Amino acid sequence: MLVLSRRPGETIRIGDDIVITIVGGRGSIKLGIEAPLSVRVFRGEVYDALAKANSAAAEQPDLSVVPDGVGAHEP
Amino acid sequence: VKLSRICFPVGLPGFPGRREFAVKELKGTLLAELKSIGSDGPNFVILTDPAAFFPSLQTFRLDDTAQEIIQASSADELLTWLIVTVRPGKATANLLGPVVVNKMNGLAVQAVQKDLELPVAAPLMVQRDDGC
């Protein structure tokens, strides 16, 4: 069982479609989650950070703007 | 990179429905392109040799769920890539969510480093001294 500590207002993301929000209570709440291994469980803020980073990475125009030296083999 | 095609069985955060990507090496670099197959995007640039830029980084962790998704059985079978964000004059790599690929079957997953405070946008630049 995966155990995550959350505070009111924080979320857990189960797969890509389910968000659980802690809406009440005081202080830190521990949640135990059992899910199939194929279902990914994230802290909401981690999922959001990755989704945002992935979207930014997918928007890049073309590789002619890659700065010199990036990704080049070391001499 | 030897794989020409990879599959993310559960997609990537932000792009859950995009599974199939073509892998195209960018000659003379440690970069490759991941191009969506069957749709206009997303397309990504990846760094295929993270250790070349981040030598101090310890081995990335692959949790049980991620292992299951790519049917990983041995660390020897895995490749770790970093998603690169390119902007004019600036490039960063996502260390929080490396892409781990099982080279035996082409299955891939964005493996979240849950307990580590790794950045999603680490600067990716080669420092060169003039005259060298």
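Calculation criteria
Residues numbered from 1 in each chain as written. Chains lettered and ligands numbered in written order. Predicted model: local features only at pLDDT ≥ 70, side-chain atom pairs only at ≥ 80, totals over all residues. Heavy atoms only, no water. Helix = DSSP H or I, 4+ residues; strand = E, 2+ residues; numbered from the N terminus. Rg over C-alpha atoms; globule rule 2.2 N^0.38 Å. Buried < 20%, exposed > 50% of the residue type's maximum accessible area, 1.4 Å probe, protein only. Contact = heavy atoms within 4.5 Å. Lys, Arg positive; Asp, Glu negative; His and termini not counted. Charge placed at Lys NZ, Arg CZ, Asp CG, Glu CD. Areas by Shrake-Rupley, 256 points an atom, 1.4 Å probe, with all protein chains shown as cover. Phe/Tyr/Trp six-rings, centres within 6.5 Å; stacked < 30°, edge-to-face > 60°. Salt bridge = Lys/Arg side-chain N within 4 Å of Asp/Glu carboxyl O. pLDDT = per-residue confidence, 0-100.

Attention now moves to the overall build of chain B. On a plain count of helices and strands, chain B comes out with two helices and nine strands. Reading chain B from its N end, one meets helices and strands in the order β-β-β-β-α-α-β-β-β-β-β. In summary, chain B has a C-alpha radius of gyration of 15 Å against a globular reference of 14 Å for 132 residues, a match within 12%. Counting only C-alpha atoms, chain B reaches 50 × 35 × 25 Å along its principal axes. Per-residue burial for chain B yields a buried fraction of 47% across its 132 residues. Once local pairs closer than 6 in sequence are excluded, the contacts in chain B between residues at least 24 apart make up 48%. A gap of 7 Å separates the mean positions of the 13 positive and 14 negative side-chain charges of chain B.

We now examine the overall build of chain A. Along chain A, the regular secondary structure elements total one helix and five strands. Secondary structure elements of chain A occur, N-terminal to C-terminal, as β-β-β-β-β-α. Across the 75 residues that make up chain A, the buried fraction comes to 35%. At a minimum sequence separation of 6, the contacts of chain A that also span at least 24 residues come to 55%. Surface summary for chain A: the accessible area is close to 4,400 Å², and the carbon and sulfur share equals 53%.

So, on to the packing of aromatic side chains. Overall, the coordinates contain four aromatic pairs over all chains when judged by the stated rule. Relative to Y47 of chain A, the ring of F42 of chain A lies with its centre 5.3 Å away and its plane at 70 degrees, an arrangement referred to as edge-to-face. Taking relative accessible area as the criterion, Y47 of chain A reaches 5% and is therefore assigned buried. Ring-pair connections join several aromatic residues into one group, and the members of that group are F8, F15, F21 and F44 of chain B.

Once that is clear, we can look at the pattern of salt bridges. As enumerated under the stated definition, the model contains seven salt bridges over all chains in all. Linking R6 of chain A and E45 of chain A is a salt bridge whose minimum nitrogen-to-oxygen distance equals 2.9 Å. Taken together, the positions of R6 of chain A in strand β1 (residues 2–6) and E45 of chain A in helix α1 (residues 44–58) put the pair 39 residues apart, joining distant regions of the chain. Judged by relative accessible area, R6 of chain A falls into the buried class, the value being 3%. K35 of chain B is the salt-bridge partner of E33 of chain B, the closest N and O atoms lying 3.7 Å from each other. The exposure class assigned to E33 of chain B is buried, which follows from its relative accessible area of 13%. Taking relative accessible area as the criterion, K35 of chain B reaches 33% and is therefore assigned partly exposed. Look at the salt bridges and you will find they share partners, linking R6, E10 and E45 of chain A into a network.

The next point concerns the confidence of the model for chain B. Mean pLDDT over chain B works out to 88, with 92% of the residues at or above the 70 mark. This complex was scored by the predictor with a pTM of 0.85 and an ipTM of 0.87.

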